[in-house]
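In case you want the letters, here they are:
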Amino acid sequence: AKTNRFNTQPFLPRWRNQEKPDQAAAPKTTTASAMEQLARIDPEELDQFIRRFAQVASQEQHKFGIPASIIIANGLLMSTADHSVLANDYHNFFRLPCGPFWEGEQVAREGQCYRVYSTAWLSFRDHSKYLVALREAAGVQLSSTDYQAWARFLQQHNFAGEANLEQQLVQLIKDMELFYLDQKK
């Protein structure tokens, strides 16, 4: 039986060992996708990020019904494993925008208004509340362990404006075996 690897050895996701994808097949863009940016991070740092936030993600799953794997994968992608300016300087690990009802601190980056948090934990909690509000506004029910449905949902609702978000989240969850974090209630 396969065991949960991330408590015993560093992650070495399959996608980091593969040859680069055929560049001609993908359209050229001026900015790298979140997954491409994440691929530049040392695997040990990815492992540290997961270990740092796995318990928080698990607690959020139990409280809000969002798979822990989605929370961790989304945090990894959106913050480039805590290497983005938003995560480092403003504790915004999910690129959450201000929006018309945001009354907290904010910062303008690249022509966009983003939420500012005093701690990483507050960012994770607000991310959970944000996703629950999005889910309720859409009127859909999603399982707390169905990371693929959640990834599709985030893509459909253009979360953080990231192209191919569903594919990136699912690939990251599978490659890094983050599905082990998802626990049935």
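Please read these numbers as outputs of a predicted model, since none were measured by experiment.

Chemist: I'd like a rundown of the overall build of the protein chain, residues and numbers included.
Modeler: When you go through the protein chain residue by residue, the secondary structure sums to 8 helices and 2 strands. Residue burial in the protein chain is summarised as follows: out of 185 residues, 47% are buried. For the protein chain, restricting intrachain contacts to residue pairs at least 6 apart in sequence, the fraction spanning at least 24 positions comes to 65%. Carbon and sulfur atoms make up 48% of the accessible area of the protein chain, which totals about 10,100 Å².

Chemist: Describe the packing of aromatic side chains, listing the residues and the values that go with them.
Modeler: Here the structure, examined in full by the defined rule, presents 10 aromatic pairs. Consider the rings of Phe-179 and Tyr-180, whose centres lie 5.0 Å apart with planes at 40°: the pair is tilted. One aromatic cluster in this structure is built from Phe-49, Phe-53, Phe-93, Phe-94 and Phe-124.

Chemist: Help me get a handle on the side chain of Glu-60, residues and values and all.
Modeler: By secondary structure assignment, the location of Glu-60 is in helix α3 (residues 43-64). Accessibility expressed as a relative area gives 1% for Glu-60, which makes it buried. Residues contacting Glu-60, with those up to four places away along its chain left out, are Gly-65, Ile-66, Ile-71, Phe-124, Arg-125 and Ser-128.

Chemist: Before we move on, could you go through the packing of α3 against helix α6 (residues 120-138) and cite the residues and values that matter?
Modeler: For the pair α3 and α6, interaxial distance at closest approach is 11 Å and the crossing angle is 40°. Regarding the angle of α3 to α6, the classification is oblique. Seen from above, α3 lies across α6 with right-handed handedness. Seen from α3, the contacting residues are Phe-49, Arg-52, Phe-53, Val-56, Glu-60, Lys-63 and Phe-64; seen from α6, they are Ala-120, Trp-121, Phe-124, Arg-125, Ser-128, Lys-129, Val-132 and Arg-135. Class assignment of the residues belonging to the contact of α3 with α6 gives a composition of 8 nonpolar, 1 polar and 6 charged.

Chemist: Let's hear about the packing of helix α4 (residues 68-79) against helix α8 (residues 165-175): which residues, and what values?
Modeler: In helix packing, the relevant descriptors are the interaxial angle and the interaxial distance, both defined with respect to the helix axes. At their nearest, the axes of α4 and α8 sit 9 Å apart, and the two run at 110° to each other. As summarised for this structure, α4 and α8 are arranged roughly perpendicular, according to the angle between their axes. Relative to α8, α4 is oriented so that their crossing is right-handed. Together, Ser-69, Ile-70, Ala-73, Asn-74, Leu-76, Leu-77 and Met-78 of α4 and Leu-165, Gln-168, Leu-169, Leu-172 and Ile-173 of α8 make up the contact between the two elements. Residues of the contact of α4 with α8, tallied by class, amount to 9 nonpolar, 3 polar and no charged.

About the cut-offs
Residues numbered from 1 in each chain as written. Predicted model: local features only at pLDDT ≥ 70, side-chain atom pairs only at ≥ 80, totals over all residues. Heavy atoms only, no water. Helix = DSSP H or I, 4+ residues; strand = E, 2+ residues; numbered from the N terminus. Buried < 20%, exposed > 50% of the residue type's maximum accessible area, 1.4 Å probe, protein only. Contact = heavy atoms within 4.5 Å. Areas by Shrake-Rupley, 256 points an atom, 1.4 Å probe, with all protein chains shown as cover. Phe/Tyr/Trp six-rings, centres within 6.5 Å; stacked < 30°, edge-to-face > 60°. Axes fitted to C-alpha atoms, helices over the stretch in contact; angles between N-to-C directions. Parallel < 35°, antiparallel > 145°, perpendicular 65-115°, else oblique. Left-handed = near helix turned anticlockwise from the far one by under 90°. Nonpolar A, V, L, I, M, F, W, Y, C, P; charged D, E, K, R; others polar.

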